[in-house]
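Geometric and topological summary
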Amino acid sequence: MSKRALVSVSNKDGIVEFVQQLVDQGFEVVSTGGTKKALQDAGVPVIGISEVTKFPEILGGRVKTLHPNIHSGLLAMRDLDEHQKQLQEHNITPIDLVVVNLYPFKETIAKSDCTFADAIENIDIGGPSMLRAAAKNHQHVTVVVDPDDYDTVLSELKSGDTVTVETKRRLAAKVFRHTAAYDALIAEYLTDAVEETEPETFTVTYERKQGLRYGENPHQQATFYKKPLADHASIASAKQLHGKELSYNNIHDADAALAIVKEFSEPAVVAVKHMNPCGVGTGQTIEEAYNRAYEADSVSIFGGIVAANSEIDQATALKMKEIFLEIIIAPSFTQEAIDVLTAKKNLRLLTVDVKKQSKPEAMLTSIHGGLLVQDEDTYGFEDANIEVVTERQPTEEEWEALKLAWKVVKHVKSNAIVLTNGQMTVGVGAGQMNRVGAADIAIAQANERIKGAVMGSDAFFPMGDTVELAGKAGITAVIQPGGSIKDQESIDMANKYGIAMVMTGVRHFKH
């Protein structure tokens, strides 16, 4: 008995060559629509789906493979006499090999002019049905969804006239991952369309971007996955120009650096260590911004990740080359800068479209046995209900420094205190168990630069002690959310030291 293959693909890469070799191996081929035409045009013998179903393709192609002659051929178990008897009674030929991939739903919704109707029309029905049927019956049916598997299937057919059970099972698992991801993307699209914010189930899909040597520590295995339609202004969409492969910790830190630098419209540079900024600088040029980020903490930047929101030029590159950096991220690098930086063979250079408008997305945090989902914290200074609560108003220079502090403290692990002047951070206290401890660290780091600096706090002051510490250190203005039952204690302390205090009404906890 001849073997039968059913072929219907939207991704036609390599399909003609693959099917021709199937024919050479004794397969008869059933196909549909555009795939059938491509095979016929190449001179490959093919049977139309309607010849098998004895029914025409109807509804503009919406119905063509949804037929018992197809699905019985896919689901019949070869080792059950009753199944074989029923196939013979109804003159149905078993299908031994299925090669199907699905309508390009992801590619369709990625288009800027995609309408809701376009998206709906690109939801495949027959394809997933055939794939699931074949994968369920994989003991008897080989099912291929990815052109990357063509060579493996052909090799086994040529060497043993069949595909091994192990390969069939692996391919079946791949099919169910493929259809699950396809359905997850459709579910996400429709859920967003109806503005459902807390669906009863939460299904997402990610695509493997790269394997990693290890995770946070060498004994932990790790892999990097990206969203199917990842934001262009993200590390998941970064282009690596130079250097060794990114590590798990590199990716985490690079993501943190990118999130901070996107807060700025003026030239800005951010240096990050262990998910926290160690230095942030702004300037008229990117070189000036880098100088300030470096000066903010010239010790901690060593071995850090640096992100810039403007092109890296030769002058800036020459300064960056002077110290050990893990990664430099920028929208672009001049060729002269590339020539300078690529002399360091392990330094990773990444380009990311930092200026591109980012779409807020759900932030996912796994816990043991569960998942936390929340909105991205996109709340900025311009969104806040600014209120000056002290006797003294901030000066113009203090306002600029307060804005900088508020942009940065949002991205520092809580409890967080950030000290700035108008152009750079001068002290960062991160991840402390109490706010006074965070302030102590930031003030000690600022050292002689403390005079005239301003303070940003990610959450309210539970009492007046942190403000008193700021006043004694010479800090002149403070920005904080407010909302403590002891706000007045902090306000009184600020008035005592002549500090201008601004409340925003919004906290920025980051755990």
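Look up a bit, the structure's there.
Given the structure is predicted, the values throughout are model-derived calculations rather than measurements.

Rules and cut-offs
- Residues numbered from 1 in each chain as written.
- Predicted model: local features only at pLDDT ≥ 70, side-chain atom pairs only at ≥ 80, totals over all residues.
- Heavy atoms only, no water.
- Helix = DSSP H or I, 4+ residues; strand = E, 2+ residues; numbered from the N terminus.
- Rg over C-alpha atoms; globule rule 2.2 N^0.38 Å.
- Buried < 20%, exposed > 50% of the residue type's maximum accessible area, 1.4 Å probe, protein only.
- Salt bridge = Lys/Arg side-chain N within 4 Å of Asp/Glu carboxyl O.
- Phe/Tyr/Trp six-rings, centres within 6.5 Å; stacked < 30°, edge-to-face > 60°.
- Expected span 1.5 Å × (residues − 1).
- Contact = heavy atoms within 4.5 Å.
- Polar contact = N/O pair within 3.5 Å; in protein donor to acceptor, adjacent residues only side chain to side chain.
- Pairing = 2+ DSSP bridges.
- Axes fitted to C-alpha atoms, helices over the stretch in contact; angles between N-to-C directions.
- Right-handed = clockwise from strand over helix to strand, strands pointing away.

Attention shifts here to the overall build of the protein. The number of helices and strands found in the protein is 18 helices and 21 strands. Relative to a compact globule of 511 residues, whose C-alpha radius of gyration would be 24 Å, the protein shows 30 Å and is clearly more extended. Projecting the C-alpha coordinates of the protein onto the three principal axes gives extents of approximately 95 × 50 × 45 Å. Scored against the burial criterion, the 511 residues of the protein give a buried share of 47%.

Further remarks concern the pattern of salt bridges. If you walk through the whole model with that rule in mind, you get 18 salt bridges. Asp458 serves as the salt-bridge partner of Arg435, at 2.5 Å between the closest nitrogen and oxygen. Of the two residues, Arg435 sits in helix α16 (residues 435-446) while Asp458 sits in the loop between β19 (454-457) and α17 (465-473), which places them 23 residues apart along the sequence. With respect to burial, Arg435 and Asp458 carry one shared label: buried. Via salt bridges that share partners, Asp146, Asp149, Arg170 and Lys174 belong to a single interconnected network.

Taken as a whole and judged by the stated rule, the model has seven aromatic pairs. Residues Phe105 and Tyr189 carry aromatic rings whose centres are separated by 5.7 Å and whose planes lie at 90 degrees to one another, so their mutual orientation is edge-to-face. One end of the pair, Phe105, is in helix α6 (residues 105-109); the other, Tyr189, is in helix α10 (residues 165-193), and 84 residues separate them in sequence. Overall, Phe105 belongs to the buried group, its relative accessible area being 2%. Between the aromatic rings of Phe381 and Trp399, the centroid separation amounts to 6.4 Å while the plane-to-plane angle is 75 degrees, which identifies the pairing as edge-to-face. Highlighted residues: Phe381 in the loop between β15 (370-374) and β16 (387-388) and Trp399 in helix α15 (residues 396-409), separated in sequence by 18 residues.

This part takes up α15. With 14 residues, α15 should cover 20 Å at 1.5 Å per step; its first-to-last C-alpha distance of 20 Å lies within 8% of that length. All of the buried residues along α15 are Glu398, Ala401, Leu402, Leu404, Ala405, Trp406, Lys407, Val408 and Val409. Buried residues belonging to α15 abut β10 (276-282), β17 (417-420), β18 (425-429), β19, β20 (477-480) and β21 (500-503).

Before going further, it helps to spend a moment on the side chain of Ser414. Within the secondary structure, Ser414 is located in the loop between α15 and β17. Of note is the side chain of Ser414, whose polar atom sits 2.5 Å from the side chain of Asp458. A distance of 2.8 Å separates a polar side-chain atom of Ser414 from the backbone nitrogen of Lys510. Discounting chain neighbours no more than four positions away, the residues touching Ser414 are Gly431, Gln432, Asp458, His508, Phe509 and Lys510.

Before going further, it helps to spend a moment on the sheet that holds β19. Across the sheet, six strands lie side by side as β16-β21-β20-β19-β17-β18; this open sheet has mixed pairing. Every interior strand has two partners, whereas the edge strands, β16 and β18, have only one. As judged from the four bridges shared by β20 and β21, these two strands associate in the parallel manner. Across the sheet, residue Ile479 finds its bridge partner in β21, namely Val502.

This brings us to the sheet that holds β10. In space, the six strands of this open sheet follow the order β8-β13-β12-β11-β9-β10, with mixed pairing throughout. Strands with a single pairing partner mark the edges of an open sheet, and in this sheet they are β8 (239-242) and β10. Between one strand and the next, the sheet's axes are offset by a mean angle of 20 degrees, whatever the strand orientation. Pairing analysis gives four bridges linking strand β12 (residues 325-330) to strand β13 (residues 348-351), with the strands arranged parallel. Directly across from Ala330, in β13, lies its bridge partner Thr351.

Assignment of secondary structure puts Glu266 in the loop between α11 (248-261) and β9 (268-273). Glu266 gets classed as partly exposed once you look at its relative accessible area, which sits at 31%. Distance from Glu266 to Thr285, taken between C-alpha atoms, is 8.6 Å for residues 19 residues apart in sequence. Filtering out sequence-adjacent residues up to four positions away, Glu266 remains in contact with Thr282, Asn309 and Lys407.

The side chains of a regular strand alternate, residue by residue, between the two faces of the sheet. The buried count for β12 comes to five of six residues, which makes it a mostly enclosed element. As defined by bridge partners, strand β11 (residues 304-308) adjoins β12 across four bridges and the pair is classed as parallel. Along β12, the bridge assignment pairs Gly304 with Leu325. In this region the chain leaves β11, passes through helix α13 (residues 314-320) and returns to the parallel neighbour β12; the handedness of that crossover is right-handed. For the crossover from β12 across helix α14 (residues 335-341) to β13, the handedness is right-handed.

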